[in-house]
Structures are given as C-alpha cells and as structure tokens.
Amino acid sequence: MLKQNVNRPEWVPKDAGHEFTTSIMPAGAEVGMQVSPVLQIVKRKKLTANEYVEGILNKDLTILSKAITLIESNAPQYIEEAQDVLKKILQHTGKSIRIGISGPPGAGKSTAIEALGCYLCKQGLKVAVLAIDPSSTLTKGSILGDKTRMELLSREKNAYIRPSPSAGTLGGVARKTRETILACEAAGYDVILIETVGVGQSEITVRSMVDFFLLVLIPGSGDELQGIKKGVVEISDMIAINKADGDNIQYANLTKSAYSQAVGMLSRSTEGWNTIVKTFSALENKGIADIWTDINYFTDLTKQNGAFDKRRREQVLYWVKSMVEEELLHRFYNNDAIEKILPSVNKDVLSGAITPTNAVSLLLGSYFEK
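Since we're looking at a predicted model, the values are computed, not measured.

Criteria and thresholds
Residues numbered from 1 in each chain as written. Predicted model: local features only at pLDDT ≥ 70, side-chain atom pairs only at ≥ 80, totals over all residues. Heavy atoms only, no water. Pairing = 2+ DSSP bridges. Helix = DSSP H or I, 4+ residues; strand = E, 2+ residues; numbered from the N terminus. Right-handed = clockwise from strand over helix to strand, strands pointing away. Disulfide = S-S within 2.5 Å. Patch = residues over 30% accessible without salt bridge, like charges linked within 9 Å, V, L, I, M, F, W, Y side chains within 5 Å. Areas by Shrake-Rupley, 256 points an atom, 1.4 Å probe, with all protein chains shown as cover. Salt bridge = Lys/Arg side-chain N within 4 Å of Asp/Glu carboxyl O. Buried < 20%, exposed > 50% of the residue type's maximum accessible area, 1.4 Å probe, protein only. Contact = heavy atoms within 4.5 Å. Polar contact = N/O pair within 3.5 Å; in protein donor to acceptor, adjacent residues only side chain to side chain. Core = buried A, V, L, I, M, F, W, Y, C linked by side-chain atoms within 4.5 Å. Phe/Tyr/Trp six-rings, centres within 6.5 Å; stacked < 30°, edge-to-face > 60°.

Bridge count for strand β6 (residues 238–241) against strand β7 (residues 276–279) is four bridges, and the pairing is parallel. Residue M238 lies in a different strand from β7, and its bridge partner there is I276. With helix α10 (residues 249–263) bridging β6 and the parallel β7, this β-α-β connection has right-handed handedness.

So this is what it looks like as structure tokens:
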C-alpha cells in the first residue's frame, strides 16, 4: 500500500479522499482504480507518451493527473509531447456528456456541483469535475477558494476533481480544458462537469466545449434579471434557481416565473430544445434527481434530432479556428520586427501623430515585409 502524501497544498480539504487531484502522486493509487505497471516507474524516470497512454486507458489516476499536468504546461517541448499523447487516446474519447455549469458569485455553483456529482456517483457513474480557476492577471497566482468546499464529492471513489488555473487567458482555458476533457473521457469518466468563474466571457468559451449548459441562480425580487447578461441566459439549456428551501421557496418560485417568461422571448440555445427553468436546493439535495432526468432527456432528444453530433462537429472546427487565431497573435507580437517598432507606434498613436488605422497598417507592413 502506498503511503499518503503529507505535502498537500493548504487549500485541499482536510477530509478529502485520495481521488482529490491535488493529493496525487502517489496517494491516488488507493482509490480503487486499476494501477498499471507504469506506476512503478513514475518516480524513477520521465514517462514516455506510450506510458502516459497506457496509464490513462488503464484508469490509473496518478498517470491521468500527470498527463493533465503535461497538457497544462506552456513549455513548447511539453506541448508537443502532450499532443502526441492526445493523438493516441483520441479514438477512446467522446463518450461522455459534457456539462458546463455557471452562475454569479454566491449562487452556490460548487455546492450544486457537489450535490449533482455525489448523486451521479451513487448512480454508478464516474464523474470528473474540471473547475476553471480565474488566475490573477497581476500575479498569475490562482484563486482556488470554491474548490475547497467539495469535501463530500472528493471522498467519492468515482469522482475526480481538477482545479485548473487559467493563467488569466481565455485562450489557455479553451485549449487546456478541451484537452483535459479528452484525457478524462479516455480514462472512462461518464460525465464531465466544467465549472466556470461566472464573470462574463468565460461562459461563452465554455459553451463552445460542452453539450449542455446549466446556469445556476438564486432567488430574488426580480432585479436579478437586470444583473444577468442576456447573452449568458441565451446560451443556457437550463436555468436552475438554487436555495429553494426554507423561507426562500416563495422567492425561488417568483424568480422561476420571471425567467420562464424571459426565456420565452429569447432564441433557443440548442436546436429543438426549449430552455428549462427549475428550482432546487443543493444544500438539502432537493431537485437534483430532476435536473439529471432533464439532462438525460436533453441528451436523448438532441442525439435523435442530430443536434448533439452537429454541435460536437462545430465545436471541433471552432477549436481549430480559435487555436489558429491564438497562434497567429502569439507569432505576431513575438516577431522581432514588431517588438522593435511597437513602442514607437504606440507612442505615436497616444500622441495623436497617427491614427489607430495608420498604426495597424504600419505594424502589418512590418510583419509581412520580406
């Protein structure tokens, strides 16, 4: 039996089980998953791509966690190695249901995810939670507060929680999270829950990589309609009003009625599907089973009408396009000629010596100049 790793980060729950991803190496081997022979050499030498693949397909939690760490690396040599691993596991992916979960601060996203995750585990499903963490744009440090609250879910042997700092860039979130989804699917996870930070553009990014988008809100007097951007409501397949318990039940029902009227005037997020508005209580575990029933119905319906596979195909092509744009921006601003003239161009724009359009022409001319 492998010993528990005592050097755990401060933000890991005290009672978290070994499957909590931050207690990995080597504690994860105790969660009941099969341990491949590769584990015997993890600490002795660097893994090859084939060893990563073998470990992932054998549902080795330690190897999966190391593979995701590889995927999250920004170092060019590791990016190439990660792509080799992903290419080899690609045929084993795509069989999960991918669910994006968002909502404003205080809506109870983490509690809702934990309640849903625990429910699914008790149904015999394997659940991976990818919690996108908004790294500070100043320090690049991560803010992992909510992830410490999923203590019950972290003790489920069929659950895997991966807080992933975004390093302050949505492009990084998009590539790394999509590729982490593939790794989790190849490792046999049936449901992938992706929590967003609930602060705007990240919701649109996550919508582009999931099958079902769940927006979690809390009861209010009606003013909450002003506080939630129309665009976030439009991309949602379900709006779930949390904290429908105790004295909040009446307010929750009023909020449900308000949103039910609102979504009727908006475009559908998914072809052939009308956005559902429900109430539930994550704290009291009320309504969780109904939410999963509706998600199952959504999956069956969209697979029958072709919307499910159509969205998956469109997402792959969008993924390619977004990565091309990201790579072009990276190459442009790291070009020697651009780095040389950019300060003076910026100075001229700010002083009014040239217009922004003139600046664009100068920069592009320098970049494409032979």
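This brings us to the state of the cysteines. Cysteine pairs can be covalently joined through their sulfur atoms, and such a bond is termed a disulfide. Taken as a whole and assessed by the stated rule, the structure comprises zero disulfides. C121 provides the cysteine sulfur closest to C118, a residue in no disulfide bond, and the two sulfurs are 6.4 Å apart.

Turning our eyes to something else, we now look at a nonpolar patch on the surface. Taken together, the side chains of V316, V320, V324 and L328 define a hydrophobic patch exposed on the protein surface, amounting to about 340 Å² of accessible area. Here V316 is to be found in helix α12 (residues 307–333). On the basis of relative accessible area, V316 is assigned to the partly exposed category, the value being 47%.

With that out of the way, let us pick up the environment of D190. Here D190 shows up in the loop between α6 (170–186) and β4 (191–195). D190 sits 64 residues away from K126 along the chain, and the two C-alpha atoms are 5.2 Å apart. Beyond its immediate chain neighbours, meaning those up to four positions away, D190 contacts S96, I97, L125 and K126. Side-chain polar atoms of D190 contact the backbone nitrogen of K126, separated by 2.8 Å.

This part covers the nonpolar core. With 35 residues, the main nonpolar core has I56, L64, C184, Y189, I192 and I194 as its most contacted residues. By residue number, the principal contributor to this core is helix α2 (residues 61–72), which donates seven residues. Apart from the residues lying within four places of it in its own chain, the contact partners of I56 are I63, L64, A67, V85, I89, A183, A186 and A187.

Tallied over the full model, the rule gives 11 salt bridges. The salt bridge involving K122 is made with E156; its shortest N-O contact spans 3.0 Å. With K122 in helix α4 (residues 109–122) and E156 in the loop between α5 (151–154) and β3 (159–165), this pair connects stretches of sequence that are 34 residues apart. With relative accessibility at 61%, the residue K122 sits in the exposed group.

Further remarks concern the side chain of S281. Locating S281 in the fold gives a position in the loop between β7 and α11 (288–305). Apart from residues no more than four positions distant in its own chain, S281 is found in contact with N242, K243, A244, D245 and K286.

A large share of β4 lies buried, amounting to five of its five residues. Along β4, one buried face is formed by V191, L193 and E195 and the opposite face, lined by I192 and I194, is buried too. Examined bridge by bridge, strand β1 (residues 97–102) and β4 share five bridges and lie parallel to one another. When the sheet's bridge partners are listed, R98 is paired in β4 with I192.

The subject of this paragraph is unusual backbone geometry. Of note in this structure, K59 is not a glycine but carries a positive phi near 60°. Here K59 shows up in the loop between α1 (49–57) and α2. Take K59: its relative accessible area is 33%, and that puts it in the partly exposed class. In this model, N285 sits at a positive phi of 60°, which is unusual for a non-glycine residue. Position of N285 among the secondary structure elements: in the loop between β7 and α11.

This part is about the packing of aromatic side chains. Enumeration according to the criterion identifies seven aromatic pairs in this entry. Geometrically, the ring pair formed by F212 and F298 is edge-to-face, given 4.8 Å between the ring centres and 80° between the ring planes. Remark: F298 occurs in helix α11 and F212 occurs in strand β5 (residues 212–217); sequence separation between them is 86 residues. Classification of F298 as buried rests on a relative accessible area of 1%. Centre to centre, the rings of W273 and Y297 are 6.0 Å apart; their planes meet at 50°, and the pair counts as tilted. With W273 in the loop between α10 and β7 and Y297 in helix α11, the pair connects residues that are 24 residues apart, well separated along the chain.

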